[in-house]
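# Summary of structural features
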Amino acid sequence: MRLLTHNMLSSNIKGVEKGFPLRIEAEKVVEKPVEMNADFLRKMFEKVEWKAFLEASRSMGYAQLPEEVDSGMLESDEFLSRFHHALLELHLEEGALVCPETGRRFPVNKGIPNMLLHEDEV
């Protein structure tokens, strides 16, 4: 699972008001090279919730992103390269996503998050 996907997921358990961001418990992270597309990155930057993205990248062992960002940084090749790596090349292969409110763990196996709810959570 890429961090691009993670940044769009939330816990939909009945009664949960704060289901985003899901905390990552990484057991296995792999890097899969992807060709960089600067225009795509610039468009995605506006959609990414930075604080959640930063925390997720750090939980996967990547600490090369700045705490604070602004759209002017999109002109920097170095920033775009780091953003690209974290967003598209880091993959959570094994681990879990954890609801910030309930602590419910959603397993991630072979890069696929299982977000299915139990009957009592619907």
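Owing to the predicted nature of the structure, the values given are computational and were not obtained by experimental measurement.

## Focus: the packing of helix α3 (residues 50-59) against helix α4 (residues 77-89)
- Between α3 and α4, whose axes approach to 10 Å, the crossing angle comes to 70°. Of the possible angle classes, the one that applies to α3 and α4 is roughly perpendicular. Seen from α3, the contacting residues are W50, F53 and S57; seen from α4, they are F79, F83, A86 and L87.
- By residue class, the composition of the contact of α3 with α4 is 6 nonpolar, 1 polar and no charged.

## Some words on the sheet that holds strand β3 (residues 105-109)
- On the basis of which strands lie adjacent, the open sheet formed by 4 strands has the order β1-β2-β3-β4 and antiparallel pairing. Of all strands in the sheet, those bounded by a partner on one side alone are β1 (23-31) and β4 (112-113).
- Judged from the 4 bridges that link them, strand β2 (residues 90-98) and β3 form a sheet pairing that is antiparallel. For G95, the partnering residue across the bridge sits in β3 and is V108.

## Topic: the side chain of E121
- For E121, the position within the fold is in the segment after β4.
- On the basis of relative accessible area, E121 is assigned to the buried category, the value being 10%.
- One polar contact links E121 to R104, side chain to side chain, over a distance of 2.8 Å.
- A polar atom in the side chain of E121 sits 2.7 Å from the backbone nitrogen of H118.
- Sequence-distant contacts of E121, defined by excluding residues within four places in its chain, comprise N12, I13, K14 and R104.

## Let's talk about the pattern of salt bridges
- Under the criterion given, the structure shown has 7 salt bridges.
- Taking the shortest distance from any N to any O, the salt bridge between E78 and R82 comes out at 2.7 Å. Of the two residues, E78 and R82 both sit in helix α4, 4 residues apart, roughly one turn of that helix.
- If you follow the salt bridges from partner to partner, you end up with R23, E25 and R105 in one network.

## Topic: the pairing of β2
- Extensive coverage of β2 is indicated by the burial of 8 of its 9 residues.
- Both β1 and β2 contribute to a ladder of 8 bridges, which runs antiparallel. If you follow E25 over to β2, its bridge partner there is A96.
- Turn length for the β2-β3 hairpin, with the two strands adjacent in sequence and antiparallel, is 6 residues, and the turn residue G103 shows positive phi of about 80°.

## Digging into the environment of M36
- When you line up the elements, M36 lands in the loop between β1 and α2 (38-45).
- A sequence separation of 53 residues divides M36 from E89, and the C-alpha atoms of the two residues are 9.8 Å apart.
- Beyond its immediate sequence surroundings of up to four residues, M36 is in contact with L41, L80, S81 and H84.

What counts and how
- Residues numbered from 1 in each chain as written.
- Predicted model: local features only at pLDDT ≥ 70, side-chain atom pairs only at ≥ 80, totals over all residues.
- Heavy atoms only, no water.
- Axes fitted to C-alpha atoms, helices over the stretch in contact; angles between N-to-C directions.
- Helix = DSSP H or I, 4+ residues; strand = E, 2+ residues; numbered from the N terminus.
- Parallel < 35°, antiparallel > 145°, perpendicular 65-115°, else oblique.
- Contact = heavy atoms within 4.5 Å.
- Nonpolar A, V, L, I, M, F, W, Y, C, P; charged D, E, K, R; others polar.
- Pairing = 2+ DSSP bridges.
- Buried < 20%, exposed > 50% of the residue type's maximum accessible area, 1.4 Å probe, protein only.
- Polar contact = N/O pair within 3.5 Å; in protein donor to acceptor, adjacent residues only side chain to side chain.
- Salt bridge = Lys/Arg side-chain N within 4 Å of Asp/Glu carboxyl O.

Any link to function would need more than the numbers given here.
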